[in-house]
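Geometric and topological summary
Single-letter residue listing:
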Amino acid sequence: GPRDDALAPAAPKPTDEPSDDNESSIEDGQASEEQPGGCATRADPRVSSYVYPAAEPGTPCIFGLDDRDEGSHCIMDDGQYGSYGWCFTSKDSFAWGSCNEHCPLFGLAKAVGDALGARIDRLQERLAEAGAGAHNGTGANNGTGGGSR
């Protein structure tokens, strides 16, 4: 049958000794349980392992425990453990889960998301300006006449 570790995310083995090769450690203040925007785990059938326990949906992600998350985002692993990637949920790098849609984007997805967000912001500004123009006396029917009494 398949090996147990083939069913779990490729995670570093926790050790009792500090490691010099992991500069973004919890002691350095890089790992955080409170992620902006509600980044947490979600239910996903791909979260399955005989080795690592799956976190309950809604458990906050902790970044900075694995070099692959660069201290700020979920680990994709080609979507093998969730459409938004996966994250650790315990400081010992043991419990983990599939990331939800509120987790930060990165790479190409972040670039596209940022560009789309900027366009949406500009569109909302234009709509607000157009709406204000219709209500500030510059509209065709602004209540300054044109009708009979």
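Residues numbered from 1 in each chain as written. Predicted model: local features only at pLDDT ≥ 70, side-chain atom pairs only at ≥ 80, totals over all residues. Heavy atoms only, no water.

1. Let's talk about the confidence of the model for the chain
Put simply, the rule is: pLDDT expresses how confident the predictor is about each individual residue, on a scale running from 0 to 100. Throughout, a residue-residue contact means that at least one pair of heavy atoms, one from each residue, lies within 4.5 Å.
In the predicted model, the chain carries a mean pLDDT of 74, and the fraction of residues at 70 or more is 64%. Low pLDDT (under 50) marks residues 1-8, which in the prediction has twelve contacts with non-local residues, meaning those over four places away or in another chain. In this model residues 10-30 is a low-confidence stretch, pLDDT under 50, and it forms 29 contacts with partners more than four residues away in sequence or in other chains.

2. Considerations on the packing of aromatic side chains
Basically, it comes down to this: Two rings belonging to Phe, Tyr or Trp (six-membered ring only in the last case) form a pair when the distance between their centres is within 6.5 Å. Interplanar angles under 30 degrees mark stacking, angles over 60 mark edge-to-face geometry, and anything in between is tilted. Helix and strand assignments follow DSSP, with helices taken as H or I runs no shorter than four residues and strands as E runs no shorter than two, numbered in order from the N terminus. Here's how the labels work: a residue is buried when its accessible area is under 20% of the maximum for its type, exposed when over 50%, partly exposed in between, all with a 1.4 Å probe on protein chains only.
Counted by the stated rule, this structure contains four aromatic pairs. Aromatic pair Tyr 81 and Trp 96: ring centres 5.3 Å apart, planes at 90°, arrangement edge-to-face. Placement of Tyr 81 in the loop between β1 (41-42) and β2 (86-88) and of Trp 96 in strand β3 (residues 96-99) is noted, with a sequence separation of 15 residues between them. Judged by its relative accessible area of 0%, Trp 96 is buried. The structure contains a cluster of three or more aromatic residues connected by ring pairs, namely Tyr 81, Trp 86, Phe 88 and Trp 96.

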